[in-house]
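# Breakdown of the fold
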Amino acid sequence: MSMQSRSVIYIVLCLLLTACYNRGQQTPDAWDLTEHQIDSISFSTTHHYTQNYNFMVNAERLPLADALPDMAFDTLYVVRGERIVVADIQQVPADTIDSVWVKVARDQITQGWIRESELLAGVSPDDPISQFIDVFSDVHLLVFLAICVLVGGAYAMRKLLRRKAYIVHFHDIDSWYPTILCLLIAMSAALYASIQMFGAESWRHYYFHPSLNPFALPFHLGLFVASVWAIIIVAVAALDDVRHQLSTLDALLYLSGLAAVCAVDYVVFSIFTLYYVGYLLLVAYIAFAVWCYLRHPHYRYRCGQCGAKLKQKGTCPHCGTVNA
């Protein structure tokens, strides 16, 4: 591993360990709260947003009523890409469809009421992390991606194996970073699916209030965010090792195969873990990946004269120099 890649990893680790700690919004003493403030806090605890929360509109358009249901009719619309803010929240027990109505505003003129269920179906939190989560949580995207990745990955792997090209697990280079990267993605995907099943409410809260600081989150969420940081760090190290060990063409082929394997890992373990089969597959995959890594030749030394890789000290088979 080169000095340059080590420096990059050290810098990323320092930035991660010195991340700012967000203590959250400070609330006044409970004895000083008004009834409206108590209701607002209670609503925020169960719904994870409250007044002054910002959303981004994802639907083609959302109709806004100019008043609550007893005299409501649609007069205004907000459209895709516009930002809106929650101006008020009211309970309407008489509404049999949804008793929670939310008043949102795009500006001073464009504002109105909409049922919470209709609102949340057409918006996402105005935060890039939340919007990134939306992309990877789309069921239709996952199914489409699974089909494309499996077909494309199988075809690419066949071509690479016939060319005797390097590919992770099957004809790997002398580096453990690609294998670690694949295992990290598989475990992270399984952990993500587990959180969806067993900690859905905590994930929902994270979705509305995301953070990249693993130390400011509950343990299971912090572990997932830490795994994402680890994936980024190991990916940089793997890229650097591939660049130094292979020619440009071979490196591009290897990285293409590595990306395909990582994509398959993500899709397979994020879907099959939802049916509990993913846990057994994860154990089998870890054993398979470790076995594949150990069966490939690994070199611990380099010749001091020509720089060739050596399995052990002694005479270099390339230049004849004795390395003690």
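The structure we're discussing is the one just above.
Reading guide: rules and limits
- Residues numbered from 1 in each chain as written.
- Predicted model: local features only at pLDDT ≥ 70, side-chain atom pairs only at ≥ 80, totals over all residues.
- Heavy atoms only, no water.
- Helix = DSSP H or I, 4+ residues; strand = E, 2+ residues; numbered from the N terminus.
- Buried < 20%, exposed > 50% of the residue type's maximum accessible area, 1.4 Å probe, protein only.
- Contact = heavy atoms within 4.5 Å.
- Areas by Shrake-Rupley, 256 points an atom, 1.4 Å probe, with all protein chains shown as cover.
- Salt bridge = Lys/Arg side-chain N within 4 Å of Asp/Glu carboxyl O.
- Core = buried A, V, L, I, M, F, W, Y, C linked by side-chain atoms within 4.5 Å.
- Lys, Arg positive; Asp, Glu negative; His and termini not counted.
- Polar contact = N/O pair within 3.5 Å; in protein donor to acceptor, adjacent residues only side chain to side chain.
- Expected span 1.5 Å × (residues − 1).
- Pairing = 2+ DSSP bridges.
- Phe/Tyr/Trp six-rings, centres within 6.5 Å; stacked < 30°, edge-to-face > 60°.
- Lys NZ or Arg CZ within 6 Å of the ring centre and 35° of its normal.
- Axes fitted to C-alpha atoms, helices over the stretch in contact; angles between N-to-C directions.
- Parallel < 35°, antiparallel > 145°, perpendicular 65-115°, else oblique.
- Nonpolar A, V, L, I, M, F, W, Y, C, P; charged D, E, K, R; others polar.
- Patch = residues over 30% accessible without salt bridge, like charges linked within 9 Å, V, L, I, M, F, W, Y side chains within 5 Å.

## Comments concerning the overall build of the protein chain
- Regarding its fold elements, the protein chain presents ten helices and eleven strands.
- Within the span of the protein chain, comprising 324 residues, buried residues form 37% of the whole.
- Here the analysis covers contacts within the protein chain between residues at least 6 apart in sequence; of these, 58% occur between residues at least 24 apart.
- Total accessible area computed for the protein chain in this model is approximately 19,300 Å², and 63% of it derives from carbon and sulfur atoms.

## Examining the pattern of salt bridges
- Following the criterion strictly, the structure yields seven salt bridges and no others.
- Put simply, D126 and R83 hold a salt bridge, and the shortest N to O gap is 3.0 Å. Residue D126 is found in the loop between β7 (123–125) and α4 (128–137), and its partner R83 is found in strand β4 (residues 83–91); the two are separated by 43 residues along the sequence.
- You can call D126 partly exposed: its relative accessible area is 30%.
- Through salt bridges with shared partners, a single network forms among E82, R106 and D107.

## Focus on the nonpolar core
- Core analysis: the biggest nonpolar cluster contains 29 residues, and L181, C182, Y254, L258 and Y285 have the highest contact counts within it.
- Listing elements by their share of this core, those giving two or more residues are α6 (177–198), α8 (219–245), α9 (248–272) and α10 (277–295).
- The residues touching Y254, leaving out its near neighbours within four places in the chain, are Y166, I167, V168, D172, I173, P178, V242 and L246.
- Core analysis: the second largest hydrophobic core is formed by 28 residues, F43, I114, L221 and V225 among them.

## A few points about the environment of V102
- Within the secondary structure layout, V102 lies in strand β5 (residues 100–105).
- Its relative accessible area of 0% is what places V102 among the buried residues.
- Distance in space between the C-alpha atoms of V102 and I89 is 4.6 Å, their sequence separation being 13 residues.
- Ignoring anything within four residues of it in the chain, the contact list for V102 reads Y49, V86, D88, I89, G112, W113, I114, E116 and L119.

## Looking at the side chain of D98
- Topologically, D98 is positioned in the loop between β4 and β5.
- Among buried charged residues, D98 stands out as having no salt bridge; its nearest opposite-charge side chain is R115, 6.2 Å away.
- There is a polar contact of 3.0 Å between the side chain of D98 and the backbone nitrogen of V100.
- Looking at D98, its side chain comes within polar contact range of the main-chain nitrogen of S117, at 2.8 Å.
- Setting aside chain neighbours within four positions, we find D98 in contact with R115, E116 and S117.

## Examining α9
- Its 25 residues give α9 an end-to-end C-alpha distance of 36 Å, which sits within 8% of 36 Å, the value for a rise of 1.5 Å per residue.
- Of the positions making up α9, those classed as buried are A251, Y254, G257, L258, V261, C262, D265, Y266, V267, F269 and S270.

## Some remarks on the pairing of strand β1 (residues 54–57)
- Inspection of the sheet shows β1 paired to β4 by three bridges, in the antiparallel sense. Pairing of F55 across the sheet is with I84, part of β4.
- In terms of strand pairing, β1 meets β7 through three bridges, oriented antiparallel. Directly across from F55, in β7, lies its bridge partner P125.

## What to know about the side chain of T179
- Secondary-structure assignment places T179 in helix α6.
- Dropping the residues within four chain positions of it, T179 is found in contact with V168, H169, D172, A289 and Y293.

## Examining the packing of aromatic side chains
- This model, assessed by the stated rule, comprises 15 aromatic pairs.
- Taking the centre distance of 6.3 Å and the plane angle of 55 degrees together, the rings of Y49 and Y53 count as tilted.
- Cluster of aromatic residues (ring-pair linked, three or more members): Y49, Y53, F55, Y207 and F208.
- The ring of Y77 has R61 lying over it, and the distance from NZ or CZ to the ring centre is 4.2 Å.

## Remarks on the packing of α4 against helix α7 (residues 200–208)
- Where α4 meets α7, the closest approach of the two axes is 8 Å, and the angle between their N-to-C directions is 130 degrees. Here α4 lies oblique to α7, going by the angle between them. Only W203, Y206 and Y207 of α7 make contact with α4, whose side of the interface consists of I129, S130, I133 and D134.
- Across the contact of α4 with α7, the residue classes tally to five nonpolar, one polar and one charged.

## Some words on a nonpolar patch on the surface
- On the surface, a cluster of nonpolar side chains totalling about 460 Å² of accessible area is made up of F272, L274, Y275, V277 and L281.
- Positionally, Y275 belongs in the loop between α9 and α10.
- Residue Y275 is classed as exposed on the basis of its relative accessible area of 60%.

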